[in-house]
Number of protein chains: 2
Amino acid sequence: MEKVQPKTLPGFMELLPEEQIVFNQMKETIQKTYEKYGFLPIDTPVIEASEVLLAKAGGETEKQIYNFKKGENDLTLRFDLTVPLAKYVAEHYNQLTFPFKRYQIGKVYRGERPQRGRYREFYQCDIDVIGDGELSLFFDAEMPMVIYNTFKALGLDEFCIFINNRKILEGLFKSINAENQKIEIMRIIDKLEKIGEENTRKELKTLGLNNESINTIINFININGNPLEILEKLENIGIDNPEFNLGKEELKKVIQFLKAFGISDKYFAIDLKIARGLDYYTGTVYETFIDGHRDMGSICSGGRYNNLSDFYTDKKMPGVGISIGLSRLYFVLNELNLIKVENKSISKVIVIPMTENFSYSIKVANILRENGINTELYCENKKIKAKFKYADKLKVPYAIIIGEDEIKTEKLAFKNMETGEQDSFTIDEILTLLKN
Amino acid sequence: MEKVQPKTLPGFMELLPEEQIVFNQMKETIQKTYEKYGFLPIDTPVIEASEVLLAKAGGETEKQIYNFKKGENDLTLRFDLTVPLAKYVAEHYNQLTFPFKRYQIGKVYRGERPQRGRYREFYQCDIDVIGDGELSLFFDAEMPMVIYNTFKALGLDEFCIFINNRKILEGLFKSINAENQKIEIMRIIDKLEKIGEENTRKELKTLGLNNESINTIINFININGNPLEILEKLENIGIDNPEFNLGKEELKKVIQFLKAFGISDKYFAIDLKIARGLDYYTGTVYETFIDGHRDMGSICSGGRYNNLSDFYTDKKMPGVGISIGLSRLYFVLNELNLIKVENKSISKVIVIPMTENFSYSIKVANILRENGINTELYCENKKIKAKFKYADKLKVPYAIIIGEDEIKTEKLAFKNMETGEQDSFTIDEILTLLKN
């Protein structure tokens, strides 16, 4: 028979079991942390009607989507979890309780050019809080708290959450009458560290900005310090624009809430340059970087938006949310050797019968499983060496070996697979040992 | 602005959060049970190259698939988790440890005509054990044990796993030289209970079978009793065909292993009529029905196959596996009111500040979360009534109300939201109460 080559498509992550165990532990940790903050699960379809999913899309997004026809239907694979949320909230509005705190963890699809660490199918882990008409700024502080706790729970300590407020940037541009050039200005100031202040001034000048405006911009982006210092400097910078002032007040409140949460300055900072795209977000914005690896990109981003579902409903629904791209995070942490995992084995113990009759071994495995211990029972007809090789390869931490003697005496040979230590115990003693 | 109607496609399950909580608990219970038996997780892409995914497909399957082009690539959404497993094992053969026990839980896609309880996107929860060249019959008994424990863990008690061996049926048909008519014969004997023995004989006669062959078939399908009785009757039925005998021996061994596992006869039975399609399976086959609801269809099926990956590799890889269609199972158990769930709330407690300063409430929420308790912190600026309504709607079991007095005395108002009982406790006392 002619064979088909068994190949996975480029840009699609497919892990070996020992890697998958780690990946799943990370996914579960994220889920558990989201739930610790009371976020509710939803699960929307991967396939939606194109008119629904692409109501808001355009430009870059449209190019990357997986779009196809099935019969009469024009269908699209979801490319994020935000548009499905907007649909979900508008569709089920009457059955939801607001503020609606939801999490969703699932695969999304973007037909990007495959590159190392960029996937066409990847997991997003999102939380959002949606208000009905209004939404307290408190949630703008809860988001970084969840990010903080999530990364801590993942065993990560080398990260910092950078916070800004879009109104501050918008207000700054308005105050110097440079609203129409904001994209170009953002692009220039983003390079400041690379090209230096002198060149930045020169480039800003080419946009037709006068010296006073350029001074305002340079003064603004030179603001630094810890969050309270930055807030104070913003008070005294001499920009007087209502949007700027509102953004400043919002940022101050978010920082106050964060202080009340007790999060250390090591893990969060204000970065006045963060904008996160130019349409969607309207207030607080977040980006998270691994210390010393800003070049790897943000590992968790998000922000506040005025109106989640405006393409579907007239109801005003402000929200704030963040997203972790788990597939990419897994790749990045792997690259940086920052993955901390308790165990890479699903089973805690493997039961190896040395007799032909497995009954006693089955009984032992039953008892272990009833006590909540993941247990492998190896009943292939192989030599003892092959049996241990199997246990070694799967990194099972303990083995119980059961021969005629063990069945007679009810004392089982219990082996620590890592140290090689072996001793005899009753099943009850083993249960006690395994539970500690 | 013109609005797009926010609609989910027909045939796609989308649950409300309180339903999703239940669904997810079921999914997690299935996963934990699979892991208890040492199955390893894998996660293959939803999208695969059509030539890979459709190497083996044809007929009905091809009609139902979601197939499309993206650039030059002909792509297909997976329609089960077995073909991706066949690809995975062939592709990663050198890096896997055999027998390879894997589970996969994920969405699959079939463009069926939508009907109540039939979904175009649905979760499958699969386990399979794949051998390298050979595979012990022990695993044919482990499968029903995992099914049994999974349904028990889901709180279900009203089910029975029906077991058969395809070789018995094949041998039966060979022994009466009716191999070419097996599909028609199977169709006729499947109706026995409906049409009665007399009509069954008549219909079999139309196929050109002689009386002796018809007697053999009728004797065979009239075999009943508990597993040991059926095995004994099979010994004495007078069919002598090597395949029949081999199937009988295999079934006997599987039943012996099941007895060793200690599973009660209430939960498993031999059903000699079960065939599970006519190509794929080559030995043991399983179907699981809810007591008194065979009409709802099998809620967990599977079997033994000789060669998982023969479309991709020359290596012989026998396997045995089962699959739970979770979306359908959820639908069926809901219909029959058989879903037992511990709690329908993500949060165990909601902290409600009555003061404008949330600092103390944040501190309390922090402590609860640090102690592993899912905690909602309600910081919207609403009237007390609205706050409790929110907690009620989300079915949060406990509330902690924090006003000026509570902050001063450090005694918090702790309310059981179900009984309405309320009393004052320190945070340590509350932790103790919540942990019990």
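The text that follows walks through the structure, step by step, so that each part is easy to find. These figures come from a predicted structure and were not determined experimentally.

Considering the overall build of chain A
Now for step 1: In terms of regular secondary structure, chain A is built from 16 helices and 16 strands.
Now for step 2: The principal-axis extent of the C-alpha atoms belonging to chain A is close to 95 × 55 × 45 Å.
Now for step 3: Per-residue burial for chain A yields a buried fraction of 58% across its 436 residues.
Now for step 4: Pairs at least 24 residues apart make up 67% of the contacts formed inside chain A by residues separated by at least 6 positions.
Now for step 5: When the accessible area of chain A is evaluated, it comes to approximately 18700 Å², of which 44% is carbon and sulfur surface.
Now for step 6: Within chain A, the 65 negative side-chain charges are centred at a point lying 3 Å from the centre of the 59 positive side-chain charges.

Re the relation of the copies chain B and chain A
Now for step 1: Expressed as a screw operation, the relation of chain B to chain A combines 0.0 Å of axial shift with a rotation of 180°, fitting to an RMSD of 0.1 Å. Here the transformation between the copies is reduced to the relation of a two-fold axis. For chain B, the residue whose C-alpha comes nearest the rotation axis is B:Phe68, separated from it by 3.0 Å.
Now for step 2: Residue by residue, 100% of the interface of chain B is reproduced at the interface of chain A, so both copies engage with the same surface.

Concerning the sheet that holds strand S16 (residues 422–425) of chain B
Residues and elements named next belong to chain B.
Now for step 1: The sheet built from 5 strands is open, its strands ordered S13-S12-S14-S15-S16 with mixed pairing. At either margin of the open sheet sits one strand with a lone partner, and together these are strand S13 (375–377) and S16. Here the strands of the sheet are splayed against their neighbours by 25° on average, with no regard to which way each runs.
Now for step 2: Summarising the sheet, strand S15 (residues 412–416) and S16 pair through 4 bridges and their orientation is antiparallel. The residue bridging alanine 413 from the neighbouring strand is serine 424, located in S16.
Now for step 3: Sheet contacts for helix H13 (residues 359–370): strand S12 (349–353), S13, strand S14 (398–402) and S15; angle to S13, the most-contacted strand, approximately 165°.

Topic: unusual backbone geometry
Now for step 1: Following A:Phe98, the chain continues to A:Pro99 via a peptide bond in cis, the omega torsion being -5°.
Now for step 2: The topology assignment puts A:Pro99 in the loop between helix H4 (82–91) and strand S5 (100–109).
Now for step 3: Within the chain, A:Lys395 stands out as a residue other than glycine whose phi angle is a positive 60°.
Now for step 4: Residue position: A:Lys395 is located in the loop between helix H14 (384–393) and strand S14 (398–402).
Now for step 5: Here the phi dihedral of B:Asn337 falls at roughly 60°; this positive angle occurs in a residue that is not glycine.
Now for step 6: Position of B:Asn337 among the secondary structure elements: in the loop between helix H12 (326–335) and S12.

A closer look at the environment of B:Ile188
All names here are of chain B.
Now for step 1: With respect to the helices and strands, the residue isoleucine 188 is situated in helix H7 (residues 182–189).
Now for step 2: Separated by 93 residues in the primary sequence, isoleucine 188 and tyrosine 281 place their C-alpha atoms 21 Å from one another.
Now for step 3: If near-sequence neighbours (up to four positions away) are discounted, isoleucine 188 is found in contact with Thr200, Glu203, Leu204 and Leu207.

Some details on the pairing of strand S12 (residues 349–353) of chain A
Moving residue by residue along a regular strand, the side chains alternate between the two faces of the sheet.
Residue and element names in this part refer to chain A.
Now for step 1: The element S12 is extensively covered by neighbouring structure, given that 5 of its 5 residues are classed as buried.
Now for step 2: Of the two faces of S12, the one carrying Val349, Val351 and Pro353 and the one carrying Ile350 and Ile352 are both buried.
Now for step 3: By the bridge criterion, 3 bridges tie S12 to strand S13 (residues 375–377) in an arrangement that is parallel. Across the sheet, the residue bridging to valine 351 is leucine 377, located in S13.
Now for step 4: In this region the chain leaves S12, passes through helix H13 (residues 359–370) and returns to the parallel neighbour S13; the handedness of that crossover is right-handed.
Now for step 5: In this structure, S12 lies alongside S14, joined through 5 bridges in parallel fashion. Bridge pairing links valine 351 to isoleucine 400 in S14.

The rules behind these values
Residues numbered from 1 in each chain as written. Chains lettered and ligands numbered in written order. Predicted model: local features only at pLDDT ≥ 70, side-chain atom pairs only at ≥ 80, totals over all residues. Heavy atoms only, no water. Helix = DSSP H or I, 4+ residues; strand = E, 2+ residues; numbered from the N terminus. Buried < 20%, exposed > 50% of the residue type's maximum accessible area, 1.4 Å probe, protein only. Contact = heavy atoms within 4.5 Å. Areas by Shrake-Rupley, 256 points an atom, 1.4 Å probe, with all protein chains shown as cover. Lys, Arg positive; Asp, Glu negative; His and termini not counted. Charge placed at Lys NZ, Arg CZ, Asp CG, Glu CD. Least-squares fit on C-alpha atoms with pLDDT ≥ 70 in both. Pairing = 2+ DSSP bridges. Axes fitted to C-alpha atoms, helices over the stretch in contact; angles between N-to-C directions. Right-handed = clockwise from strand over helix to strand, strands pointing away.

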